Amino acid sequence: RGTARVRVEALATPAPPAAPGGFYVQLGAFAFPDAANRLGEQVRGTLGENPQVLAGDDTLHRVRLGPYADRAAAERMRDRLREAGLGNPVLVAAP
């Protein structure tokens, strides 16, 4: 009858395909824009990076950084975000 914090860890993450447009680092996708904006503010305050908060057709509000020209640059940013305790960001191939 309460809530508890849980830790979710992916056992395996498939590698995204190479993309001509580069890669984004997605920090989260939220049903409510306020939650997405809060995460964007956390990223700005913690790392000084300015993430995009995008509303998709499926009503999810995605928070992401990029695009990065190559996978290695995106992975470095993903690692910085994880080290800063900003969730479990994932790489997304640019369209």
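Structural data are supplied above this passage.
Basis of the calculations
Within each chain, residues carry numbers counting from 1 in the order of the written sequence. Totals for whole chains, interfaces and linings use all residues, but because this is a predicted model, local features are given only for residues with pLDDT of at least 70 and pairs of side-chain atoms are given and counted only at 80 or more. As a rule here, side-chain values cover all heavy atoms of the structure and leave hydrogens and water aside. Runs of E in the DSSP output that reach at least two residues are strands. Runs of H or I that reach at least four are helices, and both are numbered from the N terminus. Here a helix's expected span is defined as the number of its residues, less one, multiplied by 1.5 Å. The buried label applies to any residue whose accessible area, calculated with a 1.4 Å probe on protein chains only, is under 20% of its type's maximum; exposed applies above 50%, and partly exposed to all values in between. The reported arc concerns the directions from the helix axis to the C-beta atoms and nothing else. Whether two residues are in contact is decided by their heavy atoms: any pair within 4.5 Å suffices. Only strands that DSSP links by at least two bridges are regarded as paired with each other. All axes here are fitted lines through C-alpha atoms, helices being fitted over the stretch that makes contact, and every angle between N-to-C directions spans 0 to 180 degrees. Any two rings among Phe, Tyr and Trp, with Trp reduced to its six-membered ring, count as a pair given centres within 6.5 Å; such a pair is stacked if its planes are under 30 degrees apart, edge-to-face if over 60, and tilted if neither. When the NZ atom of lysine or the CZ atom of arginine is within 6 Å of a ring's centre and also within 35 degrees of its normal, the charge is said to sit over that ring. Should a side-chain nitrogen of Lys or Arg be within 4 Å of a carboxyl oxygen of Asp or Glu, the pair is scored as a salt bridge.

Q: So what's going on with helix H2 (residues 71-83)? Residues and values would help.
A: A rise of 1.5 Å per residue sets the reference length of H2, with its 13 residues, at 18 Å; its end C-alpha atoms lie 18 Å apart and thus fit the reference within 8%. Where H2 is concerned, the buried positions are Ala73, Ala74, Met77, Arg78 and Leu81. Buried residues of H2 fall within an arc of 140° about the axis and therefore sit on the same side. When the buried face of H2 is taken as reference, the exposed residues oriented beyond 90 degrees from it are Arg76 and Glu83. Check the buried side of H2 and you find it contacts strand E1 (23-30), helix H1 (33-47), strand E3 (61-68) and strand E4 (90-93).

Q: So, the sheet that holds E4: which residues are in play, and what are the values?
A: The antiparallel open sheet is built from 4 strands, whose spatial order is E2-E3-E1-E4. This sheet does not close on itself; its edge strands, each paired only once, are strand E2 (52-55) and E4. Sheet twist, expressed as the mean angle between neighbouring strand axes with direction ignored, is 40°. Two elements, E1 and E4, share 4 bridges in a ladder whose sense is antiparallel. Bridging across to E4, valine 25 finds its partner in leucine 91. Across the sheet, H2 is in contact with E1, E3 and E4; its angle to E1 comes to roughly 40°.

Q: So what about the packing of aromatic side chains? Which residues, and what values?
A: Tallied over the full model, the rule gives 0 aromatic pairs. Here arginine 64 stacks its cationic end above the ring of tyrosine 24, 3.6 Å away from the centre of that ring.

Q: Any chance you could break down H1 for me, citing the residues and the numbers?
A: In this model H1 runs 21 Å from its N-terminal to its C-terminal C-alpha over 15 residues, within 8% of the 21 Å that 1.5 Å per residue would give. For H1, every residue scored as buried is listed here: Ala35, Ala36, Leu39, Gly40, Val43 and Leu47. One face of H1 carries all of its buried residues, which in axial projection span an arc of 140°. Every exposed residue of H1 that faces more than 90 degrees away from the buried side is listed here: Asp34, Arg38 and Gly45. On the buried face of H1, the contacting elements are E1, E2, E3 and H2.

Q: Tell me about the side chain of histidine 61, residues and numbers included.
A: Along the chain, histidine 61 falls in strand E3. Residues within four places of histidine 61 in sequence aside, it is in contact with Gly28, Ala29, Phe30, Ala31, Phe32, Pro33, Ala36, Leu54 and Ala55.

Q: Outline the pattern of salt bridges, supporting the account with residue identities and numerical values.
A: Within the structure shown, the criterion is met by 4 salt bridges. Across the salt bridge formed by glutamate 41 and arginine 44, the nearest N and O atoms sit 2.9 Å from each other. In this pair, glutamate 41 and arginine 44 are both assigned in helix H1, 3 residues apart and thus about one turn of the helix distant. Arginine 71 is the salt-bridge partner of glutamate 75, the closest N and O atoms lying 2.8 Å from each other. In this pair, glutamate 75 and arginine 71 are both assigned in helix H2, 4 residues apart and thus about one turn of the helix distant.

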